[in-house]
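# Structural features, examined
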Amino acid sequence: MLGICRGRRKFLAASLSLLCIPAITWIYLFAGSFEDGKPVSLSPLESQAHSPRYTASSQRERESLEVRVREVEEENRALRRQLSLAQGRAPAHRRGNHSKTYSMEEGTGDSENLRAGIVAGNSSECGQQPVVEKCETIHVAIVCAGYNASRDVVTLVKSVLFHRRNPLHFHLIADSIAEQILATLFQTWMVPAVRVDFYNADELKSEVSWIPNKHYSGIYGLMKLVLTKTLPANLERVIVLDTDITFATDIAELWAVFHKFKGQQVLGLVENQSDWYLGNLWKNHRPWPALGRGYNTGVILLLLDKLRKMKWEQMWRLTAERELMGMLSTSLADQDIFNAVIKQNPFLVYQLPCFWNVQLSDHTRSEQCYRDVSDLKLQKQLSELDEDDLCYEFRRERFTVHRTHLYFLHYEYEPAADNTDVTLVAQLSMDRLQMLEAICKHWEGPISLALYLSDAEAQQFLRYAQGSEVLMSRHNVGYHIVYKEGQFYPVNLLRNVAMKHISTPYMFLSDIDFLPMYGLYEYLRKSVIQLDLANTKKAMIVPAFETLRYRLSFPKSKAELLSMLDMGTLFTFRYHVWTKGHAPTNFAKWRTATTPYRVEWEADFEPYVVVRRDCPEYDRRFVGFGWNKVAHIMELDAQEYEFTVLPNAYMIHMPHAPSFDITKFRSNKQYRICLKTLKEEFQQDMSRRYGFAALKYLTAENNS
């Protein structure tokens, strides 16, 4: 599903048009606040009005001065608001009440993460700060639908966050896909003074579905027309943005433009920079009516309260119905209807300077006024940790919140109707990216991947994926980006993210450096039925092998694999360095087995298994290298899962350079000490949770 953007990415630069001429500065000193028609005394002259020495001449001078003040009142409105704030007369902050609200006021976030993808722009012409109250909340509305638009909106939000000084309130009109992605993203972003409300775009379809639209944005491209009805009734003004916008300045400078609206002006728009509405692009080109070049709706300032009083809903609907009798459909979605309304009512528009919406497709932190509110639960957990503990960093990692972007690329998959479908689950970092194409060739079923990346690496991954025919041909692969934070690789957090976002009843818990045998997907689905996984707590084991050869003629059958084992081309996985990890699989029995067979748990067992989607999560205390899978298998055993080896299934580990974490494990004694400590604490937790039955894990550990 495409985002609702028009043309290519737009670029916003800003130049605040404050008066900088010293000769008239004195006028500002006398400018009062005329709210409700009552001037506020800011001038020494006014204090003299009640003095006996106050003369008729002084009275005339005062009246003359008041006339001049009123002449500049519109230009000076924002400054008066600041002065009134200093006198304790700040307007109350208004908030809407919504059912789906997400706050990012849970930490300071990573400022470096905000830098990616930002284009620098012009600063204020006079070098002054935006004339907006320091703690005034700026409201931004965005219509966002689908995977692509969700990705675009992240760049937009980053650019706004990078420059902003004020609290922000985003109003996102989103479909179910975008809401799922963005709700998780904002919840895990940890940026202060940001509030997010979601409004169900699917519930608004009936409001605009009667309008035929030829624009690629489809029905979502018309939803800006119904914002007066959609947004909270007590919200007075909002900045409306397309998803393909990039800010190059503080959004407060645009917010301040509301103070320049006069009379019945309720819409702030930039003139369209293309010739579309001039109607001369080709023979028989017939655009919708517009004033001259018309206006571009990629950036809109909406005075919602006045629009509602003007009965905006009836106004645009009547205009659309009238024009559609001759035009039959819109070509540029909401933009056509906005322009048709403006053609009939030009007094509605305050024309924004062109730099507020530079349409590229048509042309060859300081003092914070808001508190950094942290998640109290997280702070309590961290405060209970001993910072002098040599394993403090390991323990702290368990509570780290990582910004997460679900479904970074388009995902579309309906599970098989027979309830046997299986999703391959894995996690990876940038250095394992080359495995993706090979896995896609070996596994035709759905895949759920968690990728641990920086912002820059996420963009590299995007380019890599878009340049791969293999990856672009697959829509059943869910890519979930978990952004880097902290010094350890959060392997079990990544696995949990990938596990949580599958749509099939079963999952194959694998690793990215393994290639499943050809046909494993269908074989597992048959085994699900054979072993009755729907009604029993079983973990089906896929035996693991490895090769030391970078180029391998992959075995196409069990017989061929056994031959390669005998020749020394393949080995049982980690037999030479970590035999205990897979020894209970009983490879000797597997060689001749023709039916599934049960095996018992043993210490340090870490097979790759197929389980129901409701199985326990991985324990987050284990990061980097060591015991991350072992702990999970131990918990499956504690919950009385039966381990069953599949006789005709196999997977092969492909060689690669050692990971950074295994290098740390091998070279850092303190790393190994902390891992041992975490293991002991995990086993103690198991004893508390599972009682007497869990004592065998301590016994097995002592005997191993």
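Every value quoted in this text rests on a predicted model; they were computed, and no experiment measured them.

## Notes on the overall build of the protein chain
Of regular secondary structure, the protein chain possesses 25 helices and 23 strands. When each of the 704 residues of the protein chain is scored for burial, the buried share is 55%. Here the protein chain has roughly 31500 Å² of accessible surface; of this, 51% comes from carbon and sulfur atoms.

## Re the environment of N648
Along the polypeptide, N648 turns up in the loop between β22 (642–645) and β23 (651–653). According to the relative accessible area criterion, N648 is partly exposed, its value standing at 34%. Note: C-alpha distance between N648 and K558 (90 residues apart in sequence) is 6.5 Å. Those residues within four positions of N648 in sequence are excluded, and the remaining contacts are M517, Y523, K558, W590 and T594.

## A word on the sheet that holds β22
With respect to topology, nine strands assemble into an open sheet ordered β11-β14-β13-β12-β15-β21-β17-β22-β20, the strand pairing being mixed. This sheet does not close on itself; its edge strands, each paired only once, are β11 (404–405) and β20 (597–599). Alignment of strand β13 (residues 447–453) against strand β14 (residues 477–483), held across seven bridges, turns out to be parallel. The partner of Y452 across the bridge, within β14, is V482. Along the sheet, helix α15 (residues 435–442) contacts β12 (422–429), β13 and β14; its crossing angle with β13, the most-contacted strand, is approximately 175°. Each of β15 (506–509), β21 (608–612) and β22 is contacted by helix α22 (residues 628–638), which is oriented at about 45° to β21, the strand it contacts most.

## Observations concerning the environment of G691
Relative to the helices and strands, G691 is located in the loop between α24 (669–690) and α25 (695–703). Judged by its relative accessible area of 29%, G691 is partly exposed. Remark: the alpha-carbon pair of G691 and A638, spanning 53 residues in sequence, is separated by 9.7 Å.

## Some words on helix α5 (residues 146–163)
Here α5 contains 18 residues, and its C-alpha end-to-end distance of 27 Å stays within 8% of the 26 Å for a straight helix at 1.5 Å per residue. Counting buried positions along α5 gives 14 out of 18 residues, so the element sits mostly inside the fold.

## Comments concerning the confidence of the model for the protein chain
Detailed reading of predicted coordinates is not advised where the pLDDT is low. Of all residues in the protein chain, 77% attain a pLDDT of 70 or more, and the chain-wide mean is 81. The model gives residues 105–129 a pLDDT under 50, and that stretch makes 69 contacts with residues more than four places away or in other chains.

## Remarks on the pattern of salt bridges
Under the definition given, this model contains 32 salt bridges. A salt bridge links R293 to D275; its shortest N-O distance comes to 2.5 Å. Here D275 lies in the loop between β8 (267–271) and β9 (295–303) and R293 lies in the loop between β8 and β9, a separation of 18 residues in the sequence. Taking relative accessible area as the criterion, D275 reaches 30% and is therefore assigned partly exposed. The shortest N-O distance in the salt bridge between E457 and K484 comes to 3.1 Å. Remark: K484 occurs in the loop between β14 and α18 (491–500) and E457 occurs in helix α16 (residues 455–466); sequence separation between them is 27 residues. Looking at K484, the relative accessible area reads 35%, which means it is partly exposed. Within the structure, one salt-bridge network assembled from shared partners comprises E207, K229, E313 and R317.

## With respect to the pairing of β8
In terms of burial, β8 is a largely internal element, four of the five residues being buried. One ladder, built from four bridges, connects β8 with strand β10 (residues 349–352); its direction is parallel. Considered in β10, the bridge of V270 is made with L352.

## As for the nonpolar core
Membership of the largest hydrophobic core comes to 114 residues, with the highest contact counts inside it found for L449, F461, Y479, F508 and L524. With residues near it in sequence (within four places) discarded, L449 still touches A426, L428, L436, V477, G478, Y479, H480, A498 and I512. One finds L161, V191, V194 and M315 within the second-largest nonpolar core, a separate group that totals 92 residues.

## A few points about the packing of aromatic side chains
The tally for this structure, following the rule as stated, stands at 27 aromatic pairs. Here F394 and Y671 contribute two aromatic rings whose centre-to-centre distance is 5.2 Å and whose plane-to-plane angle is 75°, an arrangement assigned as edge-to-face. Here F394, found in helix α14 (residues 392–397), pairs with Y671, found in helix α24; they are 277 residues apart in sequence, far enough to count as distant. Residue class for F394 comes out buried when judged on its relative accessible area of 7%. Look at Y671 and you get buried, because its relative accessible area is 3%.

## Notes on the sheet that holds strand β18 (residues 544–546)
Overall, mixed pairing links the four strands, which are arranged β16-β23-β18-β19 in an open sheet. The open sheet has two edge strands, β16 (514–516) and β19 (571–572), and neither has a second partner.

## As for the packing of helix α11 (residues 312–327) against helix α12 (residues 334–344)
α12 packs onto α11 with a crossing angle of 100° between their chain directions and a minimal axis gap of 9 Å. Relative to α12, the element α11 lies roughly perpendicular. Contact residues: α11 offers W312, M315, W316, T319, A320, R322 and E323, while α12 offers I337, F338, A340, V341 and Q344. Classifying every residue of the contact of α11 with α12 by side-chain character gives eight nonpolar, two polar and two charged.

## Examining a nonpolar patch on the surface
On the surface, a nonpolar cluster with roughly 310 Å² of combined accessible area is contributed by F692, L695 and L698. The residue F692 is located in the loop between α24 and α25 in this model.

## Concerning the pairing of β12
Among the eight residues of β12, eight are classified as buried, and the element is accordingly described as predominantly covered. Neither face of β12 is left uncovered, since the one carrying V422, L424, A426 and L428 and the one carrying T423, V425, Q427 and S429 both have all their residues buried. Here β12 runs beside β13; their pairing, made up of six bridges, is parallel. By the bridge assignment for β13, S429 is matched with Y452.

## Here's the deal with a negative patch on the surface
Residues D386, E387, D388 and E393 make up a contiguous surface patch of negative charge. Positionally, D386 belongs in the loop between α13 (376–383) and α14.

## Considerations on the packing of α5 against helix α6 (residues 176–189)
In contact at an axis separation of 9 Å, α5 and α6 are set at 30° when each is read in the N-to-C sense. It follows that α5 is roughly parallel to α6 by the angle criterion. Crossing angle aside, the handedness with which α5 passes α6 is right-handed. Contact with α5, carried on its side by G146, Y147, S150, V153, V154, V157, K158 and L161, involves I177, A178, I181, L182, L185, F186 and W189 of α6 and no other residues of that element. Here the contact of α5 with α6 is composed, by residue class, of 12 nonpolar, two polar and one charged.

## Quick notes on the side chain of T504
Here T504 shows up in the loop between α18 and β15. Note on T504: relative accessible area 1%, which makes it buried. Of the polar contacts made by the side chain of T504, one reaches the backbone oxygen of Y506; its length is 2.8 Å. In contact with T504, not counting residues within four places along its chain, are Y413, P415, D421, V422, T423, P446 and R613.

What counts, and at which threshold
Residues numbered from 1 in each chain as written. Predicted model: local features only at pLDDT ≥ 70, side-chain atom pairs only at ≥ 80, totals over all residues. Heavy atoms only, no water. Helix = DSSP H or I, 4+ residues; strand = E, 2+ residues; numbered from the N terminus. Buried < 20%, exposed > 50% of the residue type's maximum accessible area, 1.4 Å probe, protein only. Areas by Shrake-Rupley, 256 points an atom, 1.4 Å probe, with all protein chains shown as cover. Contact = heavy atoms within 4.5 Å. Pairing = 2+ DSSP bridges. Axes fitted to C-alpha atoms, helices over the stretch in contact; angles between N-to-C directions. Expected span 1.5 Å × (residues − 1). pLDDT = per-residue confidence, 0-100. Salt bridge = Lys/Arg side-chain N within 4 Å of Asp/Glu carboxyl O. Core = buried A, V, L, I, M, F, W, Y, C linked by side-chain atoms within 4.5 Å. Phe/Tyr/Trp six-rings, centres within 6.5 Å; stacked < 30°, edge-to-face > 60°. Parallel < 35°, antiparallel > 145°, perpendicular 65-115°, else oblique. Nonpolar A, V, L, I, M, F, W, Y, C, P; charged D, E, K, R; others polar. Patch = residues over 30% accessible without salt bridge, like charges linked within 9 Å, V, L, I, M, F, W, Y side chains within 5 Å. Lys, Arg positive; Asp, Glu negative; His and termini not counted. Charge placed at Lys NZ, Arg CZ, Asp CG, Glu CD. Left-handed = near helix turned anticlockwise from the far one by under 90°. Polar contact = N/O pair within 3.5 Å; in protein donor to acceptor, adjacent residues only side chain to side chain.

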